[in-house]
Amino acid sequence: MRATIRNTLGVRTLLLAFAAATPAAAQDVTGLYLEWTRDPCTTMVVNWVDLYPDSPDVLYWRPAGGAEWKRAQATRRVIAPSVLQRRTVELKGLEPDARYEFAVAAEPAKDARPLSFRTMPTDLSQRPVRFVAGGDTMATRALFEDMNRRSTALEPDFVVLGGDLAYENGVQATRVVDWLEAWSRTSIAADRRVIPLVAAIGNHEVRGHYGGTPPTDAPYYYGLFSLPEGRAHRALDCGAYLSLVLLDSAHTFPIEGAQTEWLAGALAQRASQQFLFPVYHYPAWGTTKAPRGGTPLDAPVARAIRANWVPLFERHGISAAFEHDHHNFKRTHRIRAGQRDDEHGLLYLGDGAWGVHVRTVPPEGSAWWLARAEPRNHLWCVDLRADGTATIRAIDAAGEAFDVVELGAPRSAPVQDR
Ligand SMILES: [Fe+2]
């Protein structure tokens, strides 16, 4: 197995990507990815995955251009039921908006160009922030890598993926290996900066897709990502200017009940955050998967989201919600209280078509909630500015920015209980 994997094209390319480390250590790495569990301004979680329990557990890191490498001991866990070995280091106490160099497993050679990462600024007045959003990432490795390259070329601060990553269904570890290799080789910018990843859960992370028991029914999602509370729903805050609220659309946690109560508290606590984006897999305002005799809005999961989460989004105000799963491009009209409201409504952007085969959308004019929908692969590129304005562009696989949203205010106006 070891020899076979070493001989794949993917791993040979990965070797070049990790050329900063010595070949003996680097050649075994299946995947490398960065994420955050807490303050993205002062921390970074570095993960690397291989197949071998006895390979080195050490991360080398230093401020960019520093003379001396520091060593950090990684924790190792097995991503059961596979034999993938995940090593994790969380670096804390970092400088905001600063670049650090790093290498896994072995100290880089003196003349190597090491990989690097960058922390988030504490304030948008330090510099604007760009992130990329999308979901439903890997029907084929080629589709996944093509869109990853589009994303990485935009040099975002991070990428947030709204579920359905490797399509392993909680079972097929080989697809996880492929996904990790693909992500690792395509998430390194030209200047050697590795783009961090924030991942929500989708149905294809879960055995049975809905109503699964965490973590056993979604072993790769729960095994790959750092979830401090052991739950897929969680929030990530960058200073006072940006919050991401990641939700589990009934894959391993019910929508109603405890998750909705958590969401109510999370939104209330973040009332003064400047920008706030919910990210979840199944769309409240979809483009396909209509039940017989109904519309996409009639799907039970969509109904549950609109009954439980949407009133909270409306009460507290959001910048826009990212929805996925339907494998199309869509931008809704602004919607509030179940109808189009161009002045005070909320915006829902989707529908998860990063690296999958696209579907069909409702005929034009037949779906009142849709401002625009097309079966088109795309990512969303979000530019946030200190004055509270933002530009959100849909960019397709050919690099064309084919849809643009300008936010004149960072969040929809809060609404009192009706
Ligand atoms: Fe899905």
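Quantities reported herein were computed from a predicted structural model and do not represent experimental measurements. (Residues numbered from 1 in each chain as written. Predicted model: local features only at pLDDT ≥ 70, side-chain atom pairs only at ≥ 80, totals over all residues.)

Every α-helix carries 3.6 residues per turn, so stepping three or four residues along brings you back to the same face. If you check which residues of helix H8 (residues 300-308) are buried, you get Val-301, Ala-302 and Ile-305. Looking straight down H8, one finds that the buried residues subtend no more than 100° of arc, so they occupy a single side. Packed against the buried residues of H8 are helix H9 (310-316). (Buried ≥ 20, exposed ≤ 12 C-beta atoms within 10 Å, placed from the backbone. Helix = DSSP H or I, 4+ residues; strand = E, 2+ residues; numbered from the N terminus. Arc of directions from axis to C-beta. Contact = placed C-beta atoms within 7 Å.)

Glancing now at unusual backbone geometry. Omega for the peptide link from Ala-80 to Pro-81 comes to 10°, which places this bond in the cis form. Turning to its location among the elements, Pro-81 is positioned in the loop between strand S5 (75-78) and strand S6 (85-91). Positive phi is not limited to glycine here, since Asp-136 has a value of about 60°. Following the sequence through the fold, Asp-136 ends up in the loop between strand S9 (129-134) and helix H4 (141-153).

Turning next to the pairing of strand S2 (residues 44-50). Extensive coverage of S2 is indicated by the burial of seven of its seven residues. Here S2 shows a buried face lined by Met-44, Val-46, Trp-48 and Asp-50 and a second buried face lined by Val-45, Asn-47 and Val-49. Examined bridge by bridge, strand S1 (residues 31-35) and S2 share five bridges and lie antiparallel to one another. Paired with Tyr-33 across the two strands is Asn-47, which belongs to S2. Bridging between S2 and S6 involves seven bridges; their strand directions are antiparallel. Following the sheet pairing, Met-44 is matched in S6 by Leu-91. (Pairing = 2+ DSSP bridges.)

Looking now at the domain arrangement of the protein. Each assigned domain of the protein is listed with its residue range as follows: domain 1 (2-9 + 19-118) and domain 2 (129-407). Relative to domain 2, the C-alpha centre of domain 1 lies at a distance of 27 Å. In this assembly, 25 residues from domain 1 lie in contact with 24 residues from domain 2. Elements supplying a minimum of two residues to the side of domain 1 that touches domain 2: S1, S2, S6 and strand S8 (115-118). Here the element with the most residues in the side of domain 1 that touches domain 2 is S1; it accounts for five residues. (Domains from an automatic or database assignment.)

Moving on: the sheet that holds strand S7 (residues 99-104). As summarised here, the arrangement of the four strands in space is S4-S3-S7-S8, forming an open sheet in which the pairing is antiparallel. Each end of this open sheet is capped by a strand with a single partner; those strands are strand S4 (70-73) and S8. For this sheet, the mean inter-axis angle between neighbouring strands, taken without regard to orientation, is 35°. The pairing of S7 with S8 spans four bridges and is classified as antiparallel. Counted as the bridge partner of Arg-99 is Arg-118 from S8. (Axes fitted to C-alpha atoms, helices over the stretch in contact; angles between N-to-C directions.)

For the rest of this paragraph, the subject is the sheet that holds S6. Reading across from one edge, S1-S2-S6-S5 is the order of the four strands in this open sheet, with antiparallel pairing throughout. Looking at strand neighbours, the two that pair on one side only are S1 and S5, the edges of this open sheet. Strand after strand, the sheet turns through a mean of 20° between neighbouring axes, direction not considered. In this structure, S5 lies alongside S6, joined through four bridges in antiparallel fashion. Paired with Arg-77 across the bridge in S6 is Arg-86. Sheet strands in contact with helix H5 (residues 173-186) are S1 and S2, and its direction is about 70° off that of S1.

Glancing now at the pairing of strand S12 (residues 234-238). The element S12 is extensively covered by neighbouring structure, given that four of its five residues are classed as buried. Two strands pair when backbone bridges link them, and S12 and strand S13 (residues 242-246) are joined in this way by five bridges, in the antiparallel orientation. Of the residues in S13, the one forming a bridge with Ala-235 is Val-245.

Here the focus is the nonpolar core. Counting residues in hydrophobic clusters, the biggest one holds 118 residues, and the most contacted among them are Phe-102, Val-160, Ala-200, Phe-277, Val-279 and Trp-380. Among the elements that make up this core, the one with the highest residue count is H5 (six residues). Other than its neighbours up to four places away in sequence, Ala-200 contacts Leu-161, Gly-162, Gly-163, Ala-232, Leu-246, Leu-247, Val-279, Tyr-280 and His-281. (Core = buried A, V, L, I, M, F, W, Y, C linked by C-beta atoms within 7 Å.)

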